[in-house]
Amino acid sequence: MVWTAGVRGAPLGTKLGVKPDRSGRVPVCRSLQLAGHPEVMVVGDLAGLDNLPMLAQVAIQEARLVGSNILAMTEGRDVAEFQYHDRGIMATVGRNSGIAQIGPFQFSGFIGWVIWLVVHLVNILTFRARLLTLLNWAWDYLAVDRPIRLLVGARPTRGLPEPPGAEE
Ligand SMILES: Cc1cc2nc3c(=O)[nH]c(=O)nc-3n(C[C@H](O)[C@H](O)[C@H](O)COP(=O)(O)OP(=O)(O)OC[C@H]3O[C@@H](n4cnc5c(N)ncnc54)[C@H](O)[C@@H]3O)c2cc1C
């Protein structure tokens, strides 16, 4: 089975009076403000700027800039422009297996998986949330709980005999 998934901007983007692109992202200027509406700021998957990847790192960095820009606006200062700093990219590929690319370094397999765990754990905000996540992960790992569940709709079985008891 080959399974692919993608992300797209939330439907809220269709209500902002601008045309979202095919990923559902709305065009924003370099300060992440909506053209014609400087009071509206857009970050993350919804922000269409430089075709940046729809990743948590982009959303976090954009949110930080928008936070400081809102402060600047309330204090009458100029807003700053967004500059993405690529800190690397990583993903889990399965149990004990992950990939990570940090600058010129590439890791895969168990080491890549451990790096993914540590980086994501460190980035969780509060100690309580971090502890709960760690306990959840530990439980899933020890119980060999598969995190992905698929609901698959059955196709009509044209020409095939009905299974026993299907007519009841
Ligand atoms: C399966 C999957 C795996 C992923 N894996 C990774 C990964 O390994 N690394 C990585 O960096 N990124 C990953 N991503 C992408 C990452 O999750 C997103 O890029 C990131 O969450 C974007 O943050 P955001 O704040 O823009 O959007 P979100 O995190 O989606 O937050 C938007 C929030 O707005 C809320 N919302 C929407 N519409 C409204 C409304 N009308 N009113 C009020 N609230 C509303 C939503 O409920 C949601 O809580 C993954 C995404 C998916 C789907």
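Residues numbered from 1 in each chain as written. Predicted model: local features only at pLDDT ≥ 70, side-chain atom pairs only at ≥ 80, totals over all residues. Heavy atoms only, no water.

The end-to-end C-alpha distance of helix α1 (residues 56-74), which contains 19 residues, comes to 27 Å, matching closely the 27 Å that a straight helix rising 1.5 Å per residue would cover. Residues of α1 that are buried include every one of Val58, Gln61, Glu62, Leu65, Val66, Asn69 and Ala72, and no others. Along the long axis of α1, the arc covered by the buried residues comes to 135°, so they all point the same way. In α1, the exposed positions that point more than 90 degrees away from the buried face belong to Ala56, Arg64 and Thr74. Next to the buried residues of α1 lie β3 (37-41) and β4 (47-48). At the exit of α1 stands glycine 76, carrying a positive phi of roughly 75°. (Helix = DSSP H or I, 4+ residues; strand = E, 2+ residues; numbered from the N terminus. Expected span 1.5 Å × (residues − 1). Buried < 20%, exposed > 50% of the residue type's maximum accessible area, 1.4 Å probe, protein only. Arc of directions from axis to C-beta. Contact = heavy atoms within 4.5 Å.)

Take the confidence of the model for the chain next. On average, residues of the chain score 87 in pLDDT, and 83% of them are at 70 or above. Confidence scores differ between elements of the chain, with strand β5 (residues 89-94) showing the lowest mean pLDDT of 86 and α1 the highest of 95. (pLDDT = per-residue confidence, 0-100.)

Even without glycine at this site, asparagine 51 takes up a positive phi of about 50°. With respect to the helices, strands and loops of the structure, asparagine 51 is situated in the loop between β4 and α1. You will see that asparagine 96, though not glycine, has its phi angle at about 65°, which is positive. As for its position among the elements, asparagine 96 is in the loop between β5 and β6 (97-102). On the basis of relative accessibility, which here comes to 27%, the residue asparagine 96 falls in the partly exposed class.

This part is about the site of the ligand. As a matter of local geometry, the ligand sits amid Val7, Ala10, Leu12, Val43, Gly44, Asp45, Met54, Leu55, Ala56 and Ala59. Here an oxygen atom of the ligand and a side-chain polar atom of aspartate 45 are 2.8 Å apart. When the free accessible area of the ligand is taken as 980 Å², the share hidden by the protein chains comes to 37%. Taken together, the residues that form the shell around the ligand break down as eight nonpolar, one polar and one charged. (Near = heavy atom within 4 Å. Polar contact = N/O pair within 3.5 Å; in protein donor to acceptor, adjacent residues only side chain to side chain. Areas by Shrake-Rupley, 256 points an atom, 1.4 Å probe, with all protein chains shown as cover. Nonpolar A, V, L, I, M, F, W, Y, C, P; charged D, E, K, R; others polar.)

Residues Val28, Leu32, Val42 and Phe82 are the most contacted members of the largest nonpolar core, which totals 14 residues. Among the elements that make up this core, the one with the highest residue count is α1 (three residues). (Core = buried A, V, L, I, M, F, W, Y, C linked by side-chain atoms within 4.5 Å.)

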